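Observations on the three-dimensional arrangement
Listed here are the chains, written in short residue letters.
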Protein chains: 2
Amino acid sequence: MFQNDAFRALDRQECLRLLAKVPVGRVVYTKRALPAVLPVNFSLDTDASVLLCTSPDSDLVRAVDGVVVAFEADEFDAATRSGWSVVVTGRAAVVTDPAEHERLRQAGPAPWRPLRHAVFVRIESEVVTGRDLGGTPGTP
Amino acid sequence: MFQNDAFRALDRQECLRLLAKVPVGRVVYTKRALPAVLPVNFSLDTDASVLLCTSPDSDLVRAVDGVVVAFEADEFDAATRSGWSVVVTGRAAVVTDPAEHERLRQAGPAPWRPLRHAVFVRIESEVVTGRDLGGTPGTP
């Protein structure tokens, strides 16, 4: 269990550097008043917001557009009990600006599988927290 | 993005078999009305509930005791775009029965780091869902 005050808190810059290392994270939201979680591939935008690419008619888009969500990514090595975890909390919104959509089609994340129509979802990195869970090589 | 109907749904037995392969998952809950997520090591009990071991005065215990939470575990290979994800949704509760606590001290999950006092949290596997995200060796 990683809920332990002995773990070192990571600052925002360390968190963003670690997030940039991994291709997959998890969106945490509420679905029919119950906690829900969905793995996603993602990329970080230049303003440190988290970018997802999905189908415009997906359940996820309906559930998260305009609401505050959490986004988590991590890496662990169970053998050495080391690793890190980073959580971004912020408002999620579908990118509706055509120019911005076009920019992300070039430079944003690709869908995990090809999609006929794709939308981008941006999660603002309003609060970024992270913990070093015990001396992983990925942390300073 | 894994929100895609093309992904094969996994049945409960497949989900539990995959869960048993990995040491770390993520508890998804609500904290001060916001979505929250915390990585945890865990084990599966004989009745397929998810068992965590943590400090009795942890924020997590205060947040999840007696409420419905989600628990997610996954494995991915970004290079081959394959993997799986399993989500257990159910009521979480601290194990208070002394005999049950003692049984879990012998057979339950160990804390990630040594704890002076530990409690076990059980998440009932009321709803178990999973998806094969593209032909991982871990799935049949």
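Keep in mind that what you see is a predicted model, and the values were worked out from it rather than measured.

Cut-off values and rules
- Residues numbered from 1 in each chain as written.
- Chains lettered and ligands numbered in written order.
- Predicted model: local features only at pLDDT ≥ 70, side-chain atom pairs only at ≥ 80, totals over all residues.
- Heavy atoms only, no water.
- Helix = DSSP H or I, 4+ residues; strand = E, 2+ residues; numbered from the N terminus.
- Rg over C-alpha atoms; globule rule 2.2 N^0.38 Å.
- Buried < 20%, exposed > 50% of the residue type's maximum accessible area, 1.4 Å probe, protein only.
- Contact = heavy atoms within 4.5 Å.
- Areas by Shrake-Rupley, 256 points an atom, 1.4 Å probe, with all protein chains shown as cover.
- Lys, Arg positive; Asp, Glu negative; His and termini not counted.
- Charge placed at Lys NZ, Arg CZ, Asp CG, Glu CD.
- Buried area = accessible area lost by both parts, 1.4 Å probe.
- Salt bridge = Lys/Arg side-chain N within 4 Å of Asp/Glu carboxyl O.
- Nonpolar A, V, L, I, M, F, W, Y, C, P; charged D, E, K, R; others polar.
- Least-squares fit on C-alpha atoms with pLDDT ≥ 70 in both.

Secondary structure summary: chain A contains three helices and nine strands in total. Counting helices and strands in the order they occur from the N terminus, chain A gives β-α-β-β-β-β-α-β-β-α-β-β. Against the 2.2 N^0.38 benchmark of 14 Å for 140 residues, chain A shows a C-alpha radius of gyration of 16 Å, consistent with a compact globule. Over its C-alpha atoms, taken along the principal directions, chain A stretches across nearly 45 × 35 × 25 Å. A buried classification covers 54% of the 140 residues belonging to chain A. Partitioning the contacts of chain A with sequence separation of at least 6, the portion at a separation of at least 24 is 69%. Surface accessibility of chain A: about 6400 Å² in total, with carbon and sulfur atoms responsible for 51%. Computed over 16 positive and 18 negative side-chain charges, the separation of the two mean positions in chain A equals 5 Å.

So, about the interface of chain A and chain B. Across the boundary between the two partners, chain A contributes 45 residues, which contact 45 residues of chain B. Around 3900 Å² of area is buried between chain A and chain B when both sides are counted, 66% of it from carbon and sulfur atoms. Linking chain A to chain B there are four salt bridges. A salt bridge links Arg26 of chain B to Asp74 of chain A, with the nearest nitrogen and oxygen atoms 2.7 Å apart. Of all the secondary structure elements, the ones that give two or more residues to the side of chain A that touches chain B are β2 (24-31), β3 (34-41), β5 (50-54), α2 (59-64), β6 (68-77) and β7 (82-94) of chain A. Ranked by residues supplied to the side of chain A that touches chain B, first place goes to β3 of chain A with eight residues. A class-by-class count of the residues in the side of chain A that touches chain B yields 29 nonpolar, eight polar and eight charged.

Here we take up unusual backbone geometry. The phi dihedral of Arg32 of chain A falls on the positive side, at around 50°, and the residue is not glycine. Mapped onto the fold, Arg32 of chain A is located in the loop between β2 and β3. Even without being a glycine, Ala48 of chain B presents a positive backbone phi close to 75°. If you trace the backbone, Ala48 of chain B turns up in the loop between β4 (43-44) and β5 (50-54).

Pairs can form between side chains of opposite charge once their charged atoms are near each other. Evaluation of the coordinates by the stated rule reveals 30 salt bridges over all chains. One salt bridge connects Asp45 of chain A with Arg122 of chain A, and the closest N-O pair in it is separated by 2.9 Å. Of this pair, Asp45 of chain A sits in the loop between β4 (43-44) and β5 while Arg122 of chain A sits in strand β8 (residues 119-123), placing them 77 residues apart in sequence. Look at Arg122 of chain A and you get buried, because its relative accessible area is 10%. A single salt-bridge network, built from bridges that share partners, covers Arg26, Glu72 and Asp74 of chain A together with Arg26, Glu72 and Asp74 of chain B.

Bringing the relation of the copies chain A and chain B into the picture now. Relative to chain B, chain A is turned by 180° and slid 0.0 Å along the rotation axis, the superposed coordinates differing by an RMSD of 0.0 Å. Viewed as a symmetry operation, the transformation between the two copies matches a two-fold axis.

Moving on: the environment of Val22 of chain A. Residue and element names in this part refer to chain A. Relative to the helices and strands, Val22 resides in the loop between α1 (12-19) and β2. Residue Val22 is classed as buried on the basis of its relative accessible area of 10%. Residues Val22 and Ser43, 21 residues apart in the sequence, show an inter-C-alpha distance of 8.8 Å. Here Val22 is in contact with Phe42, Ala73, Asp74, Glu75 and Trp84, once residues within four sequence places are set aside.

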